[in-house]
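What the coordinates show
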Amino acid sequence: MSIIFTNGFSIVPHTIPNPDGLTPATAGVSAFQIKTDYPDSTDGLYWITNTNIDGGTPFQIYADMTTDGGGWTLILTNASYIGWTIQNAILYNETAPTLDSNYSIVSYADYIKRSQSGFQYMLEADERGRWGGIWTANGNYSFVANTNSQTNITLNTKFDNWQYADNGLEERMPWYAANASPVITTNRNGYDDGSWWGTLVTTRTAWPSAPWMDNAGMGSPSKIWYWVR
């Protein structure tokens with residue numbers, strides 16, 4: 001439909017492309033939005049955009065469109081402790097999303113989570129759908145908070161048989177302990193106290209990735225994945 005002016009000129013209103021995430025021109029805002037609007041979306045790479053991230057320039061993410069209804073944006077893969085630093089733990093290889101090597105867009109997660117009042121995160125280790133779970137974080141929690149006080153979380157789904165413990169995951173949202181060896185961790189102390197299990201990223205360890213769940217027999221996962229929805 002055109003709009004015709006009295007001087008004879010006409011304009012055609014701009015049509016916003018469908019935000020299916022398949023191209024930069026049709027970038028969505030998150031894997032959750034894409035899955036909600038396009039239910040047939042499958043696991044893989046998608047384009048999203050946010051004005052708070054690189055001025056709104058579209059960028060690629062990896063999305064899980066299957067687990068628990070899908071709509072998960074991958075924000076971290078830890079495939080090796082080698083290469084991580086305190087600084088790059090929250091933004092590393094950000095243009096190359098992958099399930100197989102070190103990658104982080106943790107610093108973007110606050111902008112792409114579902115809402116400020118209720119969002120979910122997912123942790124997996126060693127194999128997809130193993131040694132972790134799905135949590136709801138109730139409240140305006142941040143993925144880059146440097147405090148261990150984000151404990152108002154609800155475990156919705158548990159992957160494998162484990163319990164909250166000092167020598168495993170602790171009952172808090174992972175936090176950014178930016179002055180310690182366990183850089184992103186659920187450990188309450190956030191430093192090497194001899195019991196810093198439940199850690200997603202570390203700068204110093206002999207483990208393949210990070211100390212995880214000694215209490216459940218999964219102390220040495222080959223990979224750790226972190227997702228937001």
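For the structure given in this document, a descriptive report is provided here. Every value quoted in this text rests on a predicted model; they were computed, and no experiment measured them. (Residues numbered from 1 in each chain as written. Predicted model: local features only at pLDDT ≥ 70, side-chain atom pairs only at ≥ 80, totals over all residues. Heavy atoms only, no water.)

The next subject is the overall build of the chain. Within the chain, the secondary structure is distributed over two helices and 13 strands. Here the C-alpha coordinates of the chain stretch approximately 80 × 30 × 30 Å along the principal axes. Within the span of the chain, comprising 229 residues, buried residues form 49% of the whole. Of all intrachain contacts in the chain linking residues separated by at least 6 positions in sequence, the fraction that spans at least 24 positions is 48%. (Helix = DSSP H or I, 4+ residues; strand = E, 2+ residues; numbered from the N terminus. Buried < 20%, exposed > 50% of the residue type's maximum accessible area, 1.4 Å probe, protein only. Contact = heavy atoms within 4.5 Å.)

Core analysis: the largest hydrophobic core is formed by 54 residues, its most contacted members being Y121, F143, M173, I184, L200, W212 and Y226. With sequence-adjacent residues up to four places away left out, Y226 is seen in contact with T73, L74, I75, L76, V106, Y121, M122, L123, F143, M173, P174 and L200. (Core = buried A, V, L, I, M, F, W, Y, C linked by side-chain atoms within 4.5 Å.)

With respect to the helices, strands and loops of the structure, D37 is situated in helix α1 (residues 31–37). Residues D37 and D20, spaced 17 residues apart in sequence, show a C-alpha to C-alpha distance of 7.6 Å.

With respect to the helices and strands, the residue S41 is situated in the loop between α1 and β3 (44–48). A relative accessible area of 12% means that S41 is categorised as buried. At 2.7 Å, the side chain of S41 and the backbone oxygen of Y38 are in polar contact. Apart from residues no more than four positions distant in its own chain, S41 is found in contact with I34, K35, Y46 and M65. (Polar contact = N/O pair within 3.5 Å; in protein donor to acceptor, adjacent residues only side chain to side chain.)

Let's shift gears to the environment of I184. For I184, the location among the structural elements is in strand β11 (residues 182–185). In this structure, the C-alpha to C-alpha distance between I184 and M173, residues 11 residues apart in sequence, is 9.9 Å. Apart from the residues within four sequence positions on either side, I184 is in contact with A89, I90, V106, P174, W175, Y176, T199, L200 and V201.

Generally, phi is negative for residues other than glycine and the peptide bonds are trans, each holding for most cases. Here the phi dihedral of D126 falls at roughly 70°; this positive angle occurs in a residue that is not glycine. In this structure, D126 sits in the loop between β7 (118–125) and β8 (132–138). Phi is positive for D160, close to 75°, though the residue is something other than glycine. Tracing the sequence through the fold places D160 in the loop between β9 (153–159) and β10 (175–176). The class of D160 is partly exposed, set by a relative accessible area of 27%.

Turning our attention to the pattern of salt bridges. One pass over the full model with this rule turns up nine salt bridges. A salt bridge links D166 to R188, with the nearest nitrogen and oxygen atoms 2.7 Å apart. Of this pair, D166 sits in the loop between β9 and β10 while R188 sits in the loop between β11 and β12 (199–202), placing them 22 residues apart in sequence. We note a salt bridge from R172 to E170, for which the minimum N-O separation is 2.8 Å. Neither residue differs from the other here; R172 and E170 are each classed as buried. (Salt bridge = Lys/Arg side-chain N within 4 Å of Asp/Glu carboxyl O.)

Spatial strand order, β10-β11-β12: three strands in an open sheet with antiparallel pairing. Looking at strand neighbours, the two that pair on one side only are β10 and β12, the edges of this open sheet. Pairing of β11 with β12, which is carried by three bridges, proceeds in the antiparallel orientation. Directly across from P182, in β12, lies its bridge partner T202. (Pairing = 2+ DSSP bridges.)

What follows concerns the side chain of T73. With respect to the helices, strands and loops of the structure, T73 is situated in strand β5 (residues 72–78). At 3.2 Å, the side chain of T73 forms a polar contact with the backbone nitrogen of A31. Excluding residues that lie within four positions of it along the chain, T73 makes contacts with S30, A31, I61, Y62, I105, I112, Y226, W227 and V228.

Turning next to the packing of aromatic side chains. Applying the stated criterion across every chain yields a total of 10 aromatic pairs. Ring centres 5.4 Å apart and planes at 55° place the aromatic pair W197 and W207 in the tilted group. One end of the pair, W197, is in the loop between β11 and β12; the other, W207, is in the loop between β12 and β13 (224–228), and 10 residues separate them in sequence. Members of the aromatic cluster, joined through ring pairs, are F119, Y121, W135, F143, W162, Y164 and Y226. For R114, the ring lying beneath its charged end belongs to F32, and the centroid distance is 4.9 Å. Geometry around W162 places K158 over its ring, the cationic atom sitting 5.0 Å from the centre. (Phe/Tyr/Trp six-rings, centres within 6.5 Å; stacked < 30°, edge-to-face > 60°. Lys NZ or Arg CZ within 6 Å of the ring centre and 35° of its normal.)

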